[in-house]
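Take a look at the letters that make up each chain.
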Amino acid sequence: MDANVLYSKTLRDWLIMIQLESRGGLYELCWTEDILAEAIYQYRRRHPNVPGGVITQIRDSIAGSLAGARIDDFEIDGSFPGDDPHDQHVHAAAVAAGATYLITADGGFTSPGIDLDTLPYEVHTPDSFLVLVDDSAPHRVRAVTRDQERYWDRRPRSKSLVQALQDAGCPDFAQRVLGHLCQLPADDATA
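Scoring rules and cut-offs
- Residues numbered from 1 in each chain as written.
- Predicted model: local features only at pLDDT ≥ 70, side-chain atom pairs only at ≥ 80, totals over all residues.
- Heavy atoms only, no water.
- Helix = DSSP H or I, 4+ residues; strand = E, 2+ residues; numbered from the N terminus.
- Rg over C-alpha atoms; globule rule 2.2 N^0.38 Å.
- Buried < 20%, exposed > 50% of the residue type's maximum accessible area, 1.4 Å probe, protein only.
- Contact = heavy atoms within 4.5 Å.
- Areas by Shrake-Rupley, 256 points an atom, 1.4 Å probe, with all protein chains shown as cover.
- pLDDT = per-residue confidence, 0-100.
- Expected span 1.5 Å × (residues − 1).
- Arc of directions from axis to C-beta.
- Phe/Tyr/Trp six-rings, centres within 6.5 Å; stacked < 30°, edge-to-face > 60°.

Caption draft 1: Summary view of the overall build of the protein. Regarding its fold elements, the protein presents nine helices and two strands. Its helices and strands taken in sequence order, the protein reads α-α-α-α-α-β-β-α-α-α-α from the N to the C terminus. Relative to its length of 191 residues, the protein is compact, with a C-alpha radius of gyration of 17 Å against a globular reference of 16 Å. Over its C-alpha atoms, taken along the principal directions, the protein stretches across nearly 55 × 40 × 30 Å. Within the span of the protein, comprising 191 residues, buried residues form 42% of the whole. Restricting to contacts in the protein with at least 6 residues of sequence separation, those with at least 24 account for 61%. On the protein, roughly 10,200 Å² of surface is accessible, and the fraction owed to carbon and sulfur atoms is 49%.

Next up, the structure:
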């Protein structure tokens, strides 16, 4: 998982909650200290006045939620076929982990010079990955949708759960979640 995915609270919450709901049976999110540091750096840049304790809490929460999947060592060997040298560490970590999928919102992984068939993993946007997960385990996504809806109901709303997903770059998955939301009352009535 790339830093631009980890940075988004909406994406991070959905990916981690679905992983936890499936007890790791669907996927395991892998990360590196570099990726986490980049996500925290981007958060700090966007929120320059937030107290240090907030930064520490976000960092610790992410690391705690993804504790067993940290990639500690990898070699940057020049095998990444893209043009952006800042993507090499993400590629190297995915290779070292034997990742099946790389979730990224970085266009550098899908630039015209990269033949995706030569990569040892599939590149997915957060939207395409979450749709794939919903195709594989809609009951897990529906369970997380129920939890997310309860959470969002307790918050003062500036936007809906579906709008938050759309704003996070997941329009197709947002439509899937909308479909699950429409089924929740019937599910709850029979539960």
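Caption draft 2: Structural context of the confidence of the model for the protein. Within the protein, residue pLDDT values average 90, and 97% of them lie at 70 or more. Across the protein, the secondary-structure element scoring lowest on mean pLDDT is helix 9 (residues 171–190), at 82, and the one scoring highest is helix 6 (residues 126–136), at 98.

Caption draft 3: Main features of the side chain of Thr32. For Thr32, the location among the structural elements is in the loop between helix 2 (9–21) and helix 3 (33–46). With near-sequence residues (within four places) excluded, Thr32 lies in contact with Ile71, Phe74 and Ala93.

Caption draft 4: Broad picture of helix 3. Taking 1.5 Å per residue, 14 residues should reach 20 Å; helix 3 reaches 20 Å between its end C-alpha atoms and fits that length. Considered for burial, the residues of helix 3 that qualify are Ile35, Leu36, Ala39 and Ile40. The buried side chains of helix 3 occupy one side of the element, clustering within an arc of 130 degrees when seen end-on. Buried positions along helix 3 lie against helix 1 (3–7), helix 4 (52–65) and helix 5 (88–97).

Caption draft 5: Seen up close, the packing of aromatic side chains. The full count for this structure, using the stated rule, is five aromatic pairs. Here the aromatic rings of Phe80 and Phe109 are separated by 5.0 Å at their centres, their planes lie at 55 degrees, and the arrangement is tilted. Here Phe109 lies in the loop between strand 1 (101–103) and strand 2 (122–124) and Phe80 lies in the loop between helix 4 and helix 5, a separation of 29 residues in the sequence. Comparing Phe80 with Phe109, the two get one shared label, buried. Summarising the aromatic geometry, the rings of Tyr101 and Phe129 are spaced 5.6 Å apart at their centres and angled 65 degrees between planes, so their arrangement reads as edge-to-face. Of this pair, Tyr101 sits in strand 1 while Phe129 sits in helix 6, and the two are 28 residues apart along the sequence. For Tyr101, a relative accessible area of 31% translates into the label partly exposed. Residue classification places Phe129 among the buried residues on the basis of a relative accessible area of 3%. Grouped by ring-pair contacts, the aromatic residues Tyr27, Tyr101 and Phe129 constitute a single cluster.

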